[in-house]
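Residue-level structure breakdown
Residues per chain, in single letters:
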Amino acid sequence: TPPALIRNFCIIAHIDHGKSTLADRMLQMTGVVEERLMRDQYLDRMDLERERGITIKSQAVRLPFTPSAGPDAGTTHVLNLIDTPGHVDFSYEVSRSLAACEGTILLVDAAQGIEAQTLANLYLALDHDLQIIPVLNKIDLPAAQPDKYAAELAHLIGCDTGDILRVSGKTGEGVAELLERVVSEVPPPVGDADAPARAMIFDSVYDTYRGVVTYVRVVDGALASRERIFMMSTKATHELLEIGVISPEMKPVAGLGVGEVGYLITGVKDVRQSKVGDTVTLNARPATEPLPGYREPKPMVFSGLYPLDGSQYSDLRDALDKLKLNDASLTYEPETSGALGFGFRCGFLGLLHLEIIRERLEREFGLELISTAPNVIYDVLMEDGQRHAVMNPSEFPTGKIASVREPMVRATVLAPSEFVGAIMELCQSRRGSMRGMDYLSEDRVELRYTMPLSEIVFDFFDALKSRTRGYASLDYEPTDDAEADLVKVDILLNGDPVDAFSAIVHKDKAYSYGVAMASKLKELIPRQQFEVPIQAAVGSRIIARENIRAIRKDVLAKCYGGDITRKRKLIERQKEGKRRMKTVGRVEVPQEAFIAALSSD
Ligand code: GTP
């Protein structure tokens, strides 16, 4: 296809604003999916994605479309719709998908208005110089307020309210006009057809039958089947066993030229050899400069994962190896905990990523796991000049520390203005410093903070939701790390430290953390034959203490707390006949107590 007839675009939206539904309608209206085969969220292939209703991996689909009006009327165009993940954890993937496009549909729910991810994604799109088509979705909803939100959106991007298209992904209203606008407003791709080939990898997925399927956008030159390709960051070469387009299933083609979007198969079995953001060129005539923007994914949040049943350790390792094939951003290394046994310290892009991996391990691999409270990575400088990257609180060094640095984020919170006070209070209590505040309209406000990531990782989103009755939305991106006055709090049972409960907290919060943890454990650990002190300590200084009184009979007395659903689910699973005790020093601690104490609430 000549570049003049190609349009590469994506849809960016806040979660649940209807991106997948709109994409479904486009597939249907362009005849790519037959009516009878249509199912909801056709593009979200992974079961877990469909169940959670979120898009994790981006996909690209080729839509033939013939405008019926305007200068291009009657000519069939190729529209490549690149689906982007909506969640902050995957912002690097969003950014790569945007880099493969010339234009984007900025989709806003007409009953909700602009949300935090709408803004975050819009800023990313502007960074990539994309043509923006503003669209209000779900106009069929009785609660829709299209006039109000059109004004908000027009104000935000500086356009006329009349330029904002109103559609319903559900009924299909306005979707044909939207496709016409994609053709008339999104610029065709430009590239040098005679230059050495350069294609950008914007996604890479592992398929059990076909190995790694790599999604690319050709920028210059062309790629053809059977050629040898060269990956510019990994320096690996592979033969192109198959090259093709998705419409909506994989269809092999002879080659892809300037501006085209499609997939490559090389027989590679590991996505780390085909990295998102890398540049593909030809071995025979390689490009000298890679395309800009490649970045190694960096884990931000760490957690220890342990099998409930120690004999499942090697199954856990196999499962992590398998998931890693499909997820280059997951990291893990073996670790041992005195309290939990053998497990892995895993690194994730964010909390949602952690939840997804954990759920996949449990669901797809049938593992039962305990995960330690999530933490961030600390950069510890000792007085003797040594530096440590601490990924596990129990490994926090004990010697003379000169300084500790922690990762920071720029957070954006959007909410109705009545909640401003509550949000400011929460952000301040989480060591946030305000960077600014803007009213998007009379009753909606955007607050910008710089905050330690560790405070966000610690149930910030739940606290935000509960203080704003669910109306606030949150987005954040990493920024430079900062020095902070941090200490390690240890929890001791009968005088022995329990490594899984160690935490790194701000000095001012050490006391309240210690008290809370000690009293929580007092509730969770059954009474023993002797009195058991529970202590919280910073270094050798005890900052809190509780006692579990001794009993003589009925060792099995139960007194576990358990209110949140995850905890309950795990506890119920535990009750299925088995009852495991971990012995910490002389104290028998039921595994349920660990689980309950480690689930943040
Ligand atoms: P993520 O993939 O999680 O970002 O969500 P999404 O933006 O793809 O949203 P999705 O298409 O899954 O839609 C979210 C919800 O809104 C679903 O329950 C849809 O049925 C509903 N929905 C989407 N579009 C419309 C619409 O035009 N009208 C109405 N009434 N509901 C819609």
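Residues numbered from 1 in each chain as written. Predicted model: local features only at pLDDT ≥ 70, side-chain atom pairs only at ≥ 80, totals over all residues. Heavy atoms only, no water.

Okay, the environment of Leu340 next. Looking at the element boundaries, Leu340 is found in the loop between strand 18 (331–337) and strand 19 (341–348). Among the residues examined, Leu340 registers a relative accessible area of 3% and is labelled buried. For the pair Leu340 and Ala484, spaced 144 residues apart in sequence, the C-alpha to C-alpha distance is 30 Å. (Helix = DSSP H or I, 4+ residues; strand = E, 2+ residues; numbered from the N terminus. Buried < 20%, exposed > 50% of the residue type's maximum accessible area, 1.4 Å probe, protein only.)

Right, let's talk about unusual backbone geometry for a bit. Only a minority of non-glycine residues have a phi that is not negative, and only a minority of peptide bonds are not trans. With a phi close to 55 degrees, Asp129 is a non-glycine residue in the positive phi region. Secondary-structure assignment places Asp129 in the loop between helix 4 (116–127) and strand 5 (131–137). Looking at Asp129, the relative accessible area reads 69%, which means it is exposed. We note that Arg226 has phi near 75 degrees; this positive angle belongs to a residue other than glycine. Mapped onto the elements, Arg226 comes out in the loop between strand 9 (223–224) and strand 10 (228–231).

With that settled, the discussion passes to the packing of aromatic side chains. According to the stated counting rule, one finds five aromatic pairs in the structure shown. On the basis of an interplanar angle of 85 degrees and a centroid distance of 6.0 Å, the ring pair of Tyr332 and Phe344 is categorised as edge-to-face. On the criterion of sequence distance, the pair formed by Tyr332 in strand 18 and Phe344 in strand 19 is long-range, its members being twelve residues apart. Overall, the relative accessible area of 2% leaves Phe344 in the buried class. Measuring from ring centre to ring centre gives 6.5 Å for Phe419 and Tyr471, while their planes differ by 20 degrees; the resulting arrangement is stacked. You can see Phe419 sitting in the loop between strand 23 (401–416) and helix 9 (420–429) and its partner Tyr471 sitting in the loop between helix 11 (460–467) and strand 26 (473–483), a full 52 residues away along the chain. Take Tyr471: its relative accessible area is 48%, and that puts it in the partly exposed class. Among the aromatic side chains, those forming a connected cluster through ring pairs are Tyr313, Tyr332, Phe342 and Phe344. (Phe/Tyr/Trp six-rings, centres within 6.5 Å; stacked < 30°, edge-to-face > 60°.)

A few words on the pairing of strand 10. Where strand 10 lies against strand 11 (residues 237–239), three bridges are found, and the strand directions are antiparallel. Within the sheet, the bridge partner assigned to Arg228 lies in strand 11 and is Glu239. The hairpin turn running from strand 10 into strand 11, its antiparallel successor, is five residues long, and Lys235 in that turn takes a positive phi close to 65 degrees. Alignment of strand 10 against strand 16 (residues 279–282), held across three bridges, turns out to be antiparallel. Residue pairing in the sheet places Ile229 in a bridge with Leu282 of strand 16. (Pairing = 2+ DSSP bridges.)

The next thing to look at is the UniProt feature "binding site: GTP" (unreviewed entry) in the chain. Per the UniProt record, the feature "binding site: GTP" (unreviewed entry) sits at Asp16, His17, Gly18, Lys19, Ser20, Thr21, Asn137, Lys138, Ile139 and Asp140. As for its placement among the helices and strands, Ser20 is situated in helix 1 (residues 19–29). Here Thr21 is to be found in helix 1. Thr21 has contacts with Gly169 and Lys170, leaving out every residue within four places of it along the chain. (UniProt positions renumbered as here; feature names shortened; annotations may be inferred. Contact = heavy atoms within 4.5 Å.)

The subject of this paragraph is the sheet that holds strand 18. What the four strands build is an open sheet, ordered 18-19-17-20; its pairing is antiparallel. A single partner strand is all that each edge strand has here, and the edge strands are strand 18 and strand 20 (369–371). The average angle at which neighbouring strand axes cross in this sheet is 30 degrees, direction not considered. As defined by bridge partners, strand 18 adjoins strand 19 across seven bridges and the pair is classed as antiparallel. Across the sheet, residue Ser337 finds its bridge partner in strand 19, namely Gly341. Strands in contact with helix 7 (residues 313–326) are strand 17 (301–307), strand 18, strand 19 and strand 20; relative to strand 19, the strand with the most contacts, it is inclined by about 15 degrees. Contacts between helix 8 (residues 351–365) and the sheet are confined to strand 17, strand 19 and strand 20, with strand 20 contributing the most and set at about 165 degrees to the helix. (Axes fitted to C-alpha atoms, helices over the stretch in contact; angles between N-to-C directions.)

It is worth spelling out the side chain of Asp278 at this point. Mapped onto the fold, Asp278 is located in the loop between strand 15 (261–265) and strand 16. There is no salt bridge for the buried Asp278, and the closest opposite charge comes from Lys275, which lies 6.8 Å off by N-O distance. Beyond its immediate chain neighbours, meaning those up to four positions away, Asp278 contacts Ala199, Met200, Ile201, Met231, Met232, Ser233, Thr234 and Tyr294. (Lys, Arg positive; Asp, Glu negative; His and termini not counted. Salt bridge = Lys/Arg side-chain N within 4 Å of Asp/Glu carboxyl O.)

As a further point, take the sheet that holds strand 16. Here eight strands make up an open sheet; going across it, the order is 11-10-16-7-8-15-12-13 and the pairing antiparallel. The outermost strands of the open sheet, each flanked by one partner alone, are strand 11 and strand 13 (250–252). If you compare each strand with its neighbour and ignore which way they point, the axes differ by 40 degrees on average.

Let's shift gears to empty space enclosed by the protein. Scanning the model with the defined rule gives two cavities of 30 Å³ or more in all. A volume near 50 Å³ is recorded for the second largest cavity. Across the lining of the second largest cavity, the residue classes break down as seven nonpolar, two polar and one charged. (1 Å grid on protein atoms, 1.4 Å probe; cavity = no way out; pocket = protein on both sides within 12 Å on 5 of 7 lines; lining within 4 Å. Points joined across faces, edges and corners; volume = space filled by probe spheres on them. Nonpolar A, V, L, I, M, F, W, Y, C, P; charged D, E, K, R; others polar.)

What follows covers the packing of helix 9 against helix 11. At their nearest, the axes of helix 9 and helix 11 sit 10 Å apart, and the two run at 160 degrees to each other. The angle between the axes of helix 9 and helix 11 places the two elements in the roughly antiparallel class. For the pair helix 9 and helix 11, the crossing hand works out as right-handed. The segment helix 9 lies against helix 11, with Ala422, Ile423, Glu425, Leu426 and Cys427 engaging Phe460, Ala463, Leu464 and Arg467. For the contact of helix 9 with helix 11, a count of residues per class yields seven nonpolar, no polar and two charged. (Parallel < 35°, antiparallel > 145°, perpendicular 65-115°, else oblique. Left-handed = near helix turned anticlockwise from the far one by under 90°.)

Once that is clear, we can look at a nonpolar patch on the surface. Nonpolar side chains collect at one region of the surface, where Met434, Met437 and Tyr439 lie side by side and expose about 270 Å² of accessible area between them. Relative to the helices and strands, Met437 resides in strand 24 (residues 433–441). (Patch = residues over 30% accessible without salt bridge, like charges linked within 9 Å, V, L, I, M, F, W, Y side chains within 5 Å. Areas by Shrake-Rupley, 256 points an atom, 1.4 Å probe, with all protein chains shown as cover.)

On to the pairing of strand 3 (residues 77–83), then. Among the seven residues that make up strand 3, seven are buried, leaving the element largely enclosed by the rest of the structure. Relative to strand 3, strand 1 (residues 6–13) runs parallel, the two sharing six bridges. Bridge pairing links Arg7 to Leu79 in strand 3. Pairing between strand 2 (residues 60–65) and strand 3: six bridges, direction antiparallel. By the bridge assignment for strand 3, Arg62 is matched with Asn80.

Now for the pattern of salt bridges. One pass over the structure, following the stated rule, counts 27 salt bridges. Its salt-bridge partner being Glu239, residue Arg226 comes within 2.8 Å of it at the nearest N-O pair. Residue Arg226 is found in the loop between strand 9 and strand 10, and its partner Glu239 is found in strand 11; the two are separated by 13 residues along the sequence. Using a relative accessible area of 54% as the deciding quantity, one classes Arg226 as exposed. Judged by its relative accessible area of 28%, Glu239 falls in the partly exposed class. The residue Glu455 makes a salt bridge to Arg431 at a minimum N-O spacing of 3.0 Å. Of this pair, Glu455 sits in helix 10 (residues 453–457) while Arg431 sits in the loop between helix 9 and strand 24; the two residues are 24 residues apart in sequence, bridging distant segments of the chain. For Arg431, a relative accessible area of 22% corresponds to the partly exposed category. Sharing partners across several salt bridges, the network here consists of Glu406, Arg431, Glu455 and Lys509.

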